[in-house]
Amino acid sequence: MDGRDLVRSMKTVGSAGVAHGWRSVRGAWRRRRADAAALPPRGAERARVPGAMREVESGPGGGVVRFGRSELRILVAVNGAVFWGWDGTGPESSYALAGRCPEPDPRAVLEPDKDGGWRVVAERATVAVSRNGAVEVRTPGGVVLRRELPPRWWEPVDGGPARWTQRSEVAADARFFGLGGRSVGPRLRDGVYRLWNAGSGRPRAAREDAASVTMPVQMVVADAGTHLVFHDSTWDGTVALREGAEGAGSGHDRPGRSVLRMDGGPLRCWVMVGTPARVLLAWASLTGAPALPPAWALGHHHVRSGYGDEQDVRRVVAGHQERGLPLDAVHLGVGHAEGRQAFTVDEERFPKLPVLAEELRREGVRLVSAVEPAVVAVPGSAVYDAGTRGDVFVRDAAGTVVQGVGPAGDVVFPDFTHARVRAWWGGLYEERLGQRFTGFWHDLDEPTSFAAFGEPTLPRSARHALEGGRGDHREAHNVYALGMARSAYEGLRTLRPGERPFVLSRSGWAGLQRYGGTWSGEVGAGWAGLRSSLARVMGLGLCGVPYSGTDVGGSEGPPSPELYLRWLQLAAHLPLLRTRTGHGAGCGEPWELGAEVLEHARVVLVERRRLLPYFVTLAHLARRTGAPYVRPLWWSAPEDRALRDCEDAFLLGDCLLVAPVLGPGADRRAVRLPRGRWYDVVTERAYEGPARVVVDAPLARIPVFARAGAVVPVRGEDGGTELEVWAPARGRTGGGLVVPDAGDGWVEPEIERYVSRWEGRRVVVERSGEDGVSEPSCPVRVRGLAERPAQM
């Protein structure tokens, strides 16, 4: 909490009304006063470094290296991940881990290294520790991927949490990715990135370093190899990145640098080495498999964020159906609740909500409810009274329940870092299910970083259980929404054990994928907002959160018809496709933007529905392998430097390449193709990669390419699944994986493997399995047979 909060809060007086503005000022003043009393300024500090190496103790999977002023614990897990923790810190307990730490690899032992150091040799990496505490991560061939210099701590003389700094070096050609959902990515250029989940209550500019999902996870890609590094501390911090340069200065390479500064918490780290696919598989085995969304959640979502009623919802649904616009879910914002009270319904505007939900469900449309963590502090409210009796709300250092300021008055917050509180909150979703809601969208769950527009927040001095460890909001802030998502997911599994929960969070941390997906919160409109949408989704996917998306059009005024269409065309190829209208939304319904926009929007939404079986397959593969739906072009060829620097196109699974239009007035665009043959899915013209090609991009569509030989499951005209096969190049074979939709339960369908090849003058598609080769289980349509080479 600082003076900037007060300034921002005051701005809302003119922009959002006097009442909300003064609520914001009052809330900011409360937080400032609480923090001043409970968090005295840092006094004198004592710097510390590890010192000289003294002794080594071997243990299962690694051991302990002791220095003069610290000790380093090293562990190689059976999944190939490597852990080290300073000051004897172990991997548990951690909000990121899915259960217990993996078992140690008995083959990995500490052994002497050069120059008096020690090392642990694992299957995929070697970790070497120098005499002064530097840690190197090397490939099996001995090439250094990362060098962590000796850390430095600053410990308050009068006691309290120590802040620390970890400086690291990577190869000169390395590129940084990750750190959560960043608007400036996916490649993270030189700059300082904050690790503090921010929900500003206003649309964020595309270049602003504010993200609702941050995590200290870096994926670093270089010629020598790919590695993922995770510094497991939930505290506030920053990461300063600087890319390296080859042949800089006198001809020597200048390494890339990462400087991580944290305000507290343990200094511990996990590293995974290998191909991007192998790295994310190890990461998923460590932090948990991604939750599998129900099939309907892979369709078109529409948000009603305003204060309408049942007739407004019916009007919107009927408007889509009458105009042939596929629709799978309608999201109701917090305005549908009575006075924004948690788990209530405004019965004047929604007198028969269960009836409405059932009507829509028969038409193939689900209702999704917004839920926010703030509970209006009104005696007589069922949730507030029950929470008060159960002592579930966050308290301050003096033991008093913390009250924030929201649009409906004073609010309190459940402590989601306590297992008992999570179980209580999860049980409250029974009321939502009774209203026939099928999914849940968590909003303002950071909780938001300052009280703009009357949105509530917690002071940094607020106390949390932290699973029995006790601490304050500085440590709990980044995992608050993670705990809320866990509460909902586990509660829904108990209440509806036969159905897969749908939980969508605005905020989160490492491990969020276990409980659902995320949307990016308020994203500024304009073309910069469109570009940031792609960056956020790709960045989250590389951090292990495969299901995410943004609201089409942004949240800052209506976009132009051109921008709306380009945004919709991109979103139709992202895991979460969500359009938005209503109070504070960026735009109106498609039919309100003109006949041309309506026609093009219909084509986009129909194509998304046609691709639904492919998205179902990608969802199942993400759960089993950790691989994101949306992948950078370098996914299968990280050594290709041209692909590493390409940020305006992406792979959708293994089969499709999508090149969105990210700027105004374009009717053609350049696309960089990876190695192999690629077909334009509209013209079926073939292109040979690697190459940079220029293709048409009219307002009606964006360029999409299919890999030669790909087998893509799509929805046929009869509603069933068919295989769309793209002819392999002559003399080569292709193939693909298909996971059929087994409903919204927990059945794990078998993965079907298909091979495509030329046999004489025709393309043959066969299903391969343990019992040999068989015919495909669904109809096959072969495309690309004309093999018309493009003029390049």
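Hey, could you run me through the pairing of strand S24 (residues 366-371) in this one?
Regular strands show a simple pattern: their side chains alternate between the two faces of the sheet. Taking burial as the measure, the six residues of S24 include six buried ones, the bulk of the element. Because side chains alternate across S24, one face comprises the buried residues Arg366, Val368 and Ala370, and the other comprises Leu367, Ser369 and Val371, equally buried. Sheet topology places strand S23 (residues 329-332) next to S24; four bridges connect them, and they run parallel. What sits directly across from Val330, in S24, is Leu367. Handedness of the S23-helix H5 (residues 353-362)-S24 crossover: right-handed. Both S24 and strand S28 (residues 439-442) contribute to a ladder of four bridges, which runs parallel. The partner of Val371 across the bridge, within S28, is His442.

Is there a simple way to think about the nonpolar core in this case?
Where a protein is soluble and globular, its nonpolar side chains tend to be buried together. One finds Trp270 and Trp425 to be the most contacted residues of the largest nonpolar core, which totals 102 residues. It is helix H9 (residues 473-495) that contributes the most residues to this core, nine residues altogether. Apart from the residues within four sequence positions on either side, Trp270 is in contact with Ala77, Ala81, Val82, Phe83, Pro91, Leu97, Cys101, Pro102, Leu228, Val229, Phe230 and Leu286. By size, the runner-up hydrophobic cluster in this structure holds 72 residues, among which are Val523, Leu534, Val597 and Ala601.

How should the sheet that holds strand S44 (residues 752-759) be read in this particular structure?
Strand pairing in a sheet takes place through backbone hydrogen bonds and is either antiparallel or parallel in direction. With antiparallel pairing, the four strands of this open sheet are ordered in space as S43-S44-S45-S46. The open sheet has two free edges, formed respectively by strand S43 (733-738) and strand S46 (772-774), since each of these has just one partner strand. The sheet shows a mean angle of 35 degrees between the axes of neighbouring strands, direction not considered. Sheet topology places S43 next to S44; six bridges connect them, and they run antiparallel. The residue of S44 that forms the bridge with Gly734 is Ser756.

So what exactly am I meant to see when it comes to the sheet that holds strand S27 (residues 409-412) here?
If you trace the three strands from one edge of the open sheet to the other, you get S25-S27-S26, paired in antiparallel fashion. In the strand order of this sheet, the two ends are held by strand S25 (375-376) and strand S26 (404-406), each with one partner. As paired strands, S26 and S27 are joined by three bridges and run antiparallel to one another. Within S27, the position partnered with Gly404 by the bridge is Val411.

Just to check I follow, could you spell out the state of the cysteines for this structure?
Defined simply, a disulfide is a covalent bond joining two cysteines at their sulfur atoms. Scanning all chains against the criterion turns up zero disulfides. Free cysteine: Cys543, not disulfide-bonded; nearest cysteine sulfur from Cys269 at 14 Å. Looking at the unpaired Cys778, the closest cysteine sulfur is the one in Cys655, lying at 13 Å. A residue is classified by how much of its surface remains accessible, and Cys778, at 17% relative accessible area, is buried.

How do you make sense of the packing of aromatic side chains when you look at a structure like this?
Centre distance and the angle of the planes are the two values used to describe a pair of aromatic rings. In the structure shown here, the tally under the stated rule is 20 aromatic pairs. Pairing Tyr384 with Phe393 gives two aromatic rings, centres 6.0 Å apart and planes at 15 degrees, and the pair type is stacked. For the pair shown, Tyr384 and Phe393 are each scored as buried. Residues Phe393 and Trp424 carry aromatic rings whose centres are separated by 6.4 Å and whose planes lie at 90 degrees to one another, so their mutual orientation is edge-to-face.

Can you help me understand the pattern of salt bridges in this one?
Any two side chains of opposite charge can pair if their charged atoms end up close together. With the rule as written, the count across this model stands at 64 salt bridges. We note a salt bridge from Asp551 to Arg580, for which the minimum N-O separation is 2.7 Å. Of this pair, Asp551 sits in the loop between strand S33 (548-549) and helix H11 (561-571) while Arg580 is found in strand S34 (residues 577-581), placing the two residues 29 residues apart along the sequence. Judged by relative accessible area, which is 12%, Arg580 ranks as buried. A network of salt bridges, in which partner residues are shared, links Glu607, Arg610, Glu684, Glu722, Glu724, Arg781 and Arg783.

I would appreciate a short explanation of helix H4 (residues 310-322) in the present structure.
Note: α-helices contain 3.6 residues per turn, so residues at a spacing of three or four share the same orientation. Taking 1.5 Å per residue as the helical rise, H4 with its 13 residues ought to reach 18 Å, and the 18 Å between its terminal C-alpha atoms agrees with that figure. Listing the buried residues of H4 in full gives Glu310, Val313, Val316, Val317, Gly319 and His320. Next to the buried residues of H4 lie strand S22 (300-304), S23 and H5. Residue Asp309 occupies the N-cap position of H4, its side-chain oxygen lying 3.1 Å from the main-chain nitrogen of Gln311. A positive phi of about 70 degrees marks Gly324, the residue just after H4.

Would you take a moment to explain the pairing of strand S10 (residues 144-148) for this structure?
In this sheet, S10 lies alongside strand S9 (residues 135-138) in antiparallel orientation, the contact comprising four bridges. By the bridge assignment for S10, Arg138 is matched with Val144. Between the antiparallel neighbours S9 and S10 lie five residues, among them Gly142 with a positive phi of about 95 degrees. Sheet topology note: the S10/strand S12 (residues 163-170) ladder contains three bridges and is antiparallel. Along S12, the bridge assignment pairs Glu148 with Ser168.

Any chance you could explain the side chain of Arg578 here in plain terms?
With respect to the helices and strands, Arg578 occurs in strand S34. Within the local environment of Arg578, its side chain forms a polar contact with the side chain of His331, the two groups lying 3.2 Å apart. In this view, Arg578 contacts His301, Val303, His331, Trp441, Leu504, Trp519, Thr550, Asp551 and Val552; residues no more than four positions away in its chain are not counted.

How should I be thinking about unusual backbone geometry in this particular structure?
The linkage connecting Gly185 with the following residue, Pro186, adopts the cis geometry, with an omega of 5 degrees. Between Gly689 and Pro690 the backbone carries a cis peptide bond, its omega angle lying at 10 degrees. You will see that Arg340, though not glycine, has its phi angle at about 60 degrees, which is positive. Inspection of the secondary structure puts Arg340 in the loop between S23 and H5. For Arg340, a relative accessible area of 18% translates into the label buried. You will see that Phe343, though not glycine, has its phi angle at about 55 degrees, which is positive. Along the polypeptide, Phe343 turns up in the loop between S23 and H5.

Criteria and thresholds
- Every chain begins its residue count from 1, and numbering advances along the sequence as written.
- Selection of residues for local features in this predicted model requires a pLDDT of at least 70, selection of side-chain atom pairs for listing and counting requires 80 or more, and totals for whole chains, interfaces and linings are taken over all residues.
- As a rule here, side-chain values come from all non-hydrogen atoms in the structure, and water together with hydrogens is ignored.
- Buried, partly exposed and exposed residues are distinguished by accessible area as a fraction of the type maximum, computed with a 1.4 Å probe on protein chains only: under 20%, between the cut-offs, and over 50%, respectively.
- Helix and strand assignments follow DSSP, with helices taken as H or I runs no shorter than four residues and strands as E runs no shorter than two, numbered in order from the N terminus.
- Strand pairing is assigned whenever DSSP detects at least two bridges linking the two strands.
- Here the term right-handed applies to a crossover when the path leading from its first strand over the helix to its second strand runs clockwise, the strands being oriented away from the viewer.
- Remark: nonpolar core denotes a set of buried residues (Ala, Val, Leu, Ile, Met, Phe, Trp, Tyr, Cys) joined through side-chain atoms within 4.5 Å.
- Only heavy atoms matter for contacts: two residues are in contact if any of them lie within 4.5 Å across the pair.
- Structural elements are reduced to axes, namely lines fitted to C-alpha atoms, with helices fitted over the stretch in contact, and the angle between N-to-C directions of any two is expressed from 0 to 180 degrees.
- Two cysteine sulfur atoms make up a disulfide if the distance between them is within 2.5 Å.
- The criterion for an aromatic pair is that two Phe, Tyr or Trp rings (for Trp, the six-membered ring) have centres within 6.5 Å, with stacked assigned to planes under 30 degrees apart, edge-to-face to planes over 60 apart and tilted to the rest.
- One side-chain nitrogen of Lys or Arg within 4 Å of one carboxyl oxygen of Asp or Glu is enough to make a salt bridge.
- An expected span of 1.5 Å times one less than the residue number is assigned to each helix.
- As used in this structure description, the phrase polar contact means that two N or O atoms lie within 3.5 Å; if the pair is within protein, one of them must be able to donate a hydrogen and the other to accept it, and residues adjacent in sequence are counted only when both atoms belong to side chains.

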